[in-house]
Every structure is written in C-alpha cells, then in structure tokens.
Amino acid sequence: MARETAFTCSDCGLQSAKWHGRCPGCEAWNTLVEERLPTPASGAKGRRGGSGGSHGRERRPTLAARPLREVGARPVERLSTGIGELDRVLGGGLVPGSLVLLGGSPGIGKSTLTNMALGHLQGSGQRTLYVSGEESAEQVRLRAERLGAGALRVPIIAETDLDTVLDAIAAEAPAACVIDSVQTLNCGELSGAPGSVGQVREVASRIMELAKARGTAVILVGHVTKEGALAGPRVLEHLVDCVLQFEGERERPYRELRALKNRFGSTNEAGLFEMRQGGLVEVLDASARFVGEATRAPGSVVLAAMEGSRPLLVEVQALVAPSELEQPRRVVSGLDRNRLALVLAILARHGRVGTGGADVFVNVVGGVRVDEPGCDLAVALAVASAARGVPLEGTPRACFGELGLTGELRWVGHPERRLEEAAKHGCDGVIAPVGSGSGAREAKTLREALALALPQGAGRLAQAAA
Ligand code: TYD
Ligand code: MG
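Notes on the structure follow.

Cut-offs and rules
- Residues numbered from 1 in each chain as written.
- Chains lettered and ligands numbered in written order.
- Predicted model: local features only at pLDDT ≥ 70, side-chain atom pairs only at ≥ 80, totals over all residues.
- Heavy atoms only, no water.
- Pairing = 2+ DSSP bridges.
- Helix = DSSP H or I, 4+ residues; strand = E, 2+ residues; numbered from the N terminus.
- Axes fitted to C-alpha atoms, helices over the stretch in contact; angles between N-to-C directions.
- Contact = heavy atoms within 4.5 Å.
- Parallel < 35°, antiparallel > 145°, perpendicular 65-115°, else oblique.
- Left-handed = near helix turned anticlockwise from the far one by under 90°.
- Nonpolar A, V, L, I, M, F, W, Y, C, P; charged D, E, K, R; others polar.
- Buried < 20%, exposed > 50% of the residue type's maximum accessible area, 1.4 Å probe, protein only.
- Near = heavy atom within 4 Å.
- Polar contact = N/O pair within 3.5 Å; in protein donor to acceptor, adjacent residues only side chain to side chain.

**What to know about the sheet that holds strand 12 (residues 279-282)**
Spatial strand order, 6-5-7-8-4-9-10-11-12: 9 strands in an open sheet with mixed pairing. Each of the sheet's edge strands pairs with one partner strand only, and the pair in question is strand 6 (156-158) and strand 12. Taking the axes of each pair of neighbouring strands and ignoring which way they run, one obtains an average angle of 25° across the sheet. Where strand 7 (residues 176-180) lies against strand 8 (residues 217-223), 5 bridges are found, and the strand directions are parallel. The partner of Asp180 across the bridge, within strand 8, is Val221. In this fold helix 3 (residues 110-123) packs onto strand 4 (99-104), strand 5 (128-132), strand 7, strand 8, strand 9 (242-248), strand 10 (254-262), strand 11 (270-276) and strand 12, with an angle of close to 155° to the strand it touches most, strand 5.

The structure is reproduced here in structure tokens:
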C-alpha cells in the first residue's frame, strides 16, 4: 500500500508537494517537514469526522457529556522496572500502552538504564524486546555482560527499518519495549534522513499506534546534544506521555534522572544514580555522601534542597578571584546562571559583598543540578564566604531560602523536611527564613543571615586582606 507524502511548514501549516528551502507561504527558512499523507480511505473518514456533527452525510448518534465524577477511573496498573529510582520518577512504574521518551546526551547511560530495566522485567516474567538501531546485537551483548545475567535474558533485534521493527513488536508482543534510539529508525516512505524531524515524528507516531493498540509500554531513547541542535526528540514531547531527561557529566559518576513531563505522575521527582563497573547503581544515601565530602573551607556551604518530594543535602562551592577581564566571568554549574546574577546583585546591594571586579565561580558538587528557589541563600553565603576568605561559622553550615529583590529572605516549601534531613546528617543550626520552624536559626533578611553565618569581624579581615 503506497502512501503519499507531502511537505508541511511547521510555522504556517502550508502544504506543498515539493520541498522548498523557504516556505512559499510565510517565507520562513527551513521549516518544511516531510510528512506521510493519510491513505485515501482513512483520509475520507478523517475529513468526514473533521467537518463533523450533523452537517456530515452520515448521521451519527449525538454524544452525551457527563459530569467528571461519573467517569469511572480505573487505577492505572504499572509494570515495575525493578529500579526503584526509575519507578519513582515514572510515578510508580511503567504504564502499559504508554510512550516514554528518555533523552540525554550520548554516553550518559541511556542504553545501560533501559537494558537493566528490561532485564528486571524479563526476570519477573514479563515479555520484553530491545530494538537497537544504533549498536549491533554483539555490541549490546557486550554491555549486557557487564550488567549481569538478567540483562542477558532480554530478546534483541538490531534493525533500523521501521516496518520491520513494527512487525517484530507485533510478533513478539512484549509488555515492555525499548527503541534505542528513535533517531536511527527509518521510515522508507519518507525521503528525509533518519533523525530528521519528519522521520522522527513518523516513527514515533507509528510506534505509538501499535503500542496503544497492544498495551505495550514503550521507551523511546533519544539523543539530545548539548546545543539542542538535533531537532529529533524535542518535537516528540507533545506526543509522548512522559519525557525523562538523563543528566550528568560524563566524567563524573553521578547521573540524575528527571521527569520533564508525566501524564501519570509528578514532574518534580528526580532519581540519582552512580555509574559503576556493573552498571547504574541507585544512590540512596546522597545527603550523607555530599555532607561527608563537604570541604568546610571558605566558599563552602551545605544547601538543604528539595528534589521533588525528597530532601537532599548538597554542597555548594564558590570561588571569588580578582579578574583580569573587562567583563568578569560568572561561571555556574548545577544552578541557573541568571539566578547567580540576581544573587550577586542582591549581595552587593543588601549584603555589602561586592564582586564587581572579580570572577565568580559557583558549583554544586558532584555534578548534581538543583533547580529550586531555595538555593539562593546557599549561593549568597558561599560567595560571601569566598569573597571574605573565611569559612562559615560552625561548618558544615546548612541553609536554605529564597532571596527577594529587597534583600528579604523568603519562605520556601517543605522547611520541616529540609531541617529533618539536615539534623539527620549532623548539620545543626540551619539558617532558614522566618516561619521554617523550630530547629532553624531564622533570619528575616540577607543581612541577618550573613551575620549569623560569618564569624564576627569577617568584614574587617577582608578589608585587611584587600
Ligand atoms: P551507555 O548506556 O552506552 O550510554 P548512552 O546509551 O546514553 O550513550 O553508557 C555509556 C557509558 O557508561 C560508557 O562510557 C561506559 C559506561 N559504563 C560503565 O561505566 N559501566 C557499565 O557497567 C556500563 C554498561 C557502561
Ligand atoms: Mg546508547
């Protein structure tokens, strides 16, 4: 059955039989994407459905709307992947018939994670299938050997032709299937190269049709380059049920799994892993490790952060050094860059800690990312301590809180859980906003927080050093 294709402008929606570099409709460059046209039969049906209602030629029964409370809500059954952190980020496991997009830069561990998950599922009696378009079956086997016996039980096909893959999924009827990666599959009816926007969209929607019909849970692996240059996976975000992002620095062992979108769970959750010789290992004692490794030197502070529903203690380090550049450097890792600029401005204006002529580096140790407003105070204290060259009093000193533009310290969510976690790991006297509860050393403003954290006379010391 030959299907026709056409080129559609992703900006204005214009359709054209030919490809143009510049859209004849809206004159935008490189917006035309090749797409498969519906077959004549389904197209006709689609059009009737589209013009819809009683105006169509066929009379259809009128659909009666009903209040939401009368809609039966079946509990979603889940497949446990056997990896606690992955299950938690998914919202309790894989949902049958759902499509999960797992993105991340090359080498981060996507194939390792998915292979391990399928291994556990296969071991628990579920049918699984691993489709490798990227590596040969032998290469995947070599990895699986490192991961153990479970991973070696997973059935694999190494194939890039979409129709062949769909046939194999239909024949194997797995409960869970991994496509590694979505960018390598090729739909022969489209002329675009594998990985192009049109191809990736087509591949994902054909797999989705099959997955929904068969109740197969599918994990689509997708590469995202640092620059986001590969358009592939991003165009799928609206199509899939769940988007997971696997992050971390290749050179460091820690990996973080986050949900950016989840139709079946929260998007706040994050899971922490460590890449070891035998695959990915869940890190369950992250706070203890990070506090244990904290340097307690000038510029070091412990942040009592929230990772979704879970408290996590991480060390934030800062370095402030005289700059030789006209525009001093502001380098952050693990934090939002704009947030640093804001905190530096607040520090200068309300904390009398100026960093105008200095390079400022701020780093969350371990390659972890903290994306939450509660990190402001930690950045401020770390920079102040680094700028003055004195360690914070009573280190490891933990803190949390958001900074307002007028220098006030603002309340952030779950103070009691942050304090509890800090106390558990030997950080007493946590500096926190007013209203955080007993056990915290509360401060109303950045000035008060600085006075609590820095030893008396730190200001004079800094002046002497300068
Ligand atoms: P991989 O899962 O192939 O990454 P991706 O699919 O995201 O490209 O993993 C890549 C890295 O992980 C590779 O550099 C080797 C390392 N690794 C380990 O350190 N231990 C292991 O047990 C495995 C399987 C991989
Ligand atoms: Mg891979």
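**Focus on the packing of helix 9 (residues 337-350) against helix 10 (residues 376-388)**
Between helix 9 and helix 10, whose axes approach to 10 Å, the crossing angle comes to 60°. Judged on the interaxial angle alone, helix 10 and helix 9 are oblique. Here helix 9 and helix 10 pass one another in a crossing that is right-handed. Of the residues in helix 10, those in contact with Arg339, Leu340, Val343, Leu344 and Leu347 of helix 9 are Asp376, Val379, Ala380, Val383 and Ala384. Looking at the contact of helix 9 with helix 10 residue by residue, the classes come out as 8 nonpolar, no polar and 2 charged.

**Section: the sheet that holds strand 2 (residues 15-16)**
Spatially, 3 strands are ordered 2-1-3 in an open sheet, and the strand pairing comes out antiparallel. At either margin of the open sheet sits one strand with a lone partner, and together these are strand 2 and strand 3 (32-36). Inspection of the sheet shows strand 1 (residues 5-9) paired to strand 3 by 5 bridges, in the antiparallel sense. Counterpart to Phe7 in the pairing with strand 3 is Glu34.

**A look at the side chain of Thr355**
Note on placement: Thr355 falls in the loop between helix 9 and strand 16 (358-364). By relative accessible area, which is 6% here, Thr355 ends up buried. If sequence neighbours within four positions are ignored, Thr355 has contacts with Val320, Arg330, Leu344, Val360 and Val383.

**Remarks on the site of ligand 1**
Around ligand 1 there are 15 residues in total, and Ser111, Thr112, Arg276, Gln277 and Gly279 lie nearest to it. Here an oxygen atom of ligand 1 sits 2.5 Å away from a polar atom, N or O, in the side chain of Thr112. Contact between ligand 1 and Gln277: an oxygen atom at 2.6 Å from a main-chain N or O atom of the residue. Elements with a minimum of two residues in the shell around ligand 1: helix 3, helix 4 (137-147) and strand 11. Partitioning the shell around ligand 1 into residue classes produces 4 nonpolar, 7 polar and 4 charged.

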